[in-house]
Amino acid sequence: MENNSLPDFMKYKDDYTSEGFIEKISRVAKRAGAKLVYVALILYYTLQSNDVSVKDKAIIIGALGYLISPLDIIPDAIPIAGLSDDLAVLLYVVKKVWGEVPDSVREKAHAKLSKWFDEDEMKEADDVFSSNND
């Protein structure tokens, strides 16, 4: 993937809608795992921020469109592997916009996550910060 061009998942930007995101994330939350849901929520709430550049918003929309698109590279219906490509795309985008993710967004995503996962399951999402904060 070249740094000066938009990633392949950008063709999914037209698949993104706020309603589609909420429907998909609530439907696959338990199966997807806390890490994927947390990263998706961070991007979703970052998208709503006025402090994020238009370019970063476009990349976030592409990634979230990819997440909710029925045309994933690896179909979500395939256990475990089906959501791994989604997680890879979301982690890539979080890393791209990480400097712009305010604490309020992280806290909002964490609060929403706690509605779907218990404390042990939420530990899975804890390393998102350390692994993407380089």
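Notes on the structure in this doc start here.

One finds F9, F21, L43, L64, L90 and L113 to be the most contacted residues of the largest nonpolar core, which totals 42 residues. Counting only elements with at least two residues in this core, the list comes to α1 (18–32), α2 (34–47), α3 (54–68), α4 (81–97) and α5 (103–116). The element contributing the most residues to this core is α2, with twelve residues. Residue contacts for L64: discarding those within four places in its chain leaves Y16, F21, A40, L43, Y44, L47 and L90.

Turning our eyes to something else, we now look at the pattern of salt bridges. Proximity of charged atoms lets side chains of opposite charge pair with each other. Going through the model one piece at a time under the given rule, you end up with three salt bridges. Between D14 and K13 there is a salt bridge, with its nearest N and O atoms 4.0 Å apart. In this structure D14 comes out as exposed when scored by relative accessible area, which is 67%. With a shortest N-O distance of 3.9 Å, D103 and R106 are connected by a salt bridge. Taken as a pair, D103 and R106 lie in helix α5 at a separation of three residues, close to a single helical turn. Take R106: its relative accessible area is 19%, and that puts it in the buried class.

A few words on the packing of α2 against α3. Between α2 and α3, the least distance of the axes is 10 Å, while the angle of their chain directions is 140 degrees. Taken together, the axis directions place α2 and α3 in an arrangement best described as oblique. The way α2 lies across α3 gives a crossing that is left-handed. For the pair formed by α2 and α3, the contact residues are L36, A40, L43, Y44, T46 and L47 on the first element and K57, I60, I61, L64 and L67 on the second.

So, on to α5. Because each turn of an α-helix spans 3.6 residues, side chains separated by three or four positions in sequence point in the same direction. Here α5 is 14 residues long and its end C-alpha atoms lie 21 Å apart, about the 20 Å a rise of 1.5 Å per residue gives. Taken residue by residue, α5 has V105, R106, A109 and L113 as its buried positions. Seen end-on, α5 carries its buried residues on one side only, within an arc spanning 95 degrees. In this structure, α5 carries D103, E107 and K115 as exposed residues pointing more than 90 degrees from its buried face.

Okay, the packing of aromatic side chains next. For the structure shown, the criterion picks out two aromatic pairs. Members of the aromatic cluster, connected to one another through ring pairs, are F21, Y44 and Y45.

Let us look at the packing of α2 against α5. Put simply, α2 and α5 touch, their axes get as near as 9 Å, and they point 140 degrees apart. As far as their axial angle goes, α5 and α2 are oblique. Crossing of α2 against α5: the hand is right-handed. Contacts from A34, V37, Y38, L41, I42, Y45 and T46 of α2 reach α5 at V105, R106, K108, A109, H110, K112, L113 and W116.

Cut-offs applied
- Residues numbered from 1 in each chain as written.
- Predicted model: local features only at pLDDT ≥ 70, side-chain atom pairs only at ≥ 80, totals over all residues.
- Heavy atoms only, no water.
- Core = buried A, V, L, I, M, F, W, Y, C linked by side-chain atoms within 4.5 Å.
- Buried < 20%, exposed > 50% of the residue type's maximum accessible area, 1.4 Å probe, protein only.
- Helix = DSSP H or I, 4+ residues; strand = E, 2+ residues; numbered from the N terminus.
- Contact = heavy atoms within 4.5 Å.
- Salt bridge = Lys/Arg side-chain N within 4 Å of Asp/Glu carboxyl O.
- Axes fitted to C-alpha atoms, helices over the stretch in contact; angles between N-to-C directions.
- Parallel < 35°, antiparallel > 145°, perpendicular 65-115°, else oblique.
- Left-handed = near helix turned anticlockwise from the far one by under 90°.
- Expected span 1.5 Å × (residues − 1).
- Arc of directions from axis to C-beta.
- Phe/Tyr/Trp six-rings, centres within 6.5 Å; stacked < 30°, edge-to-face > 60°.

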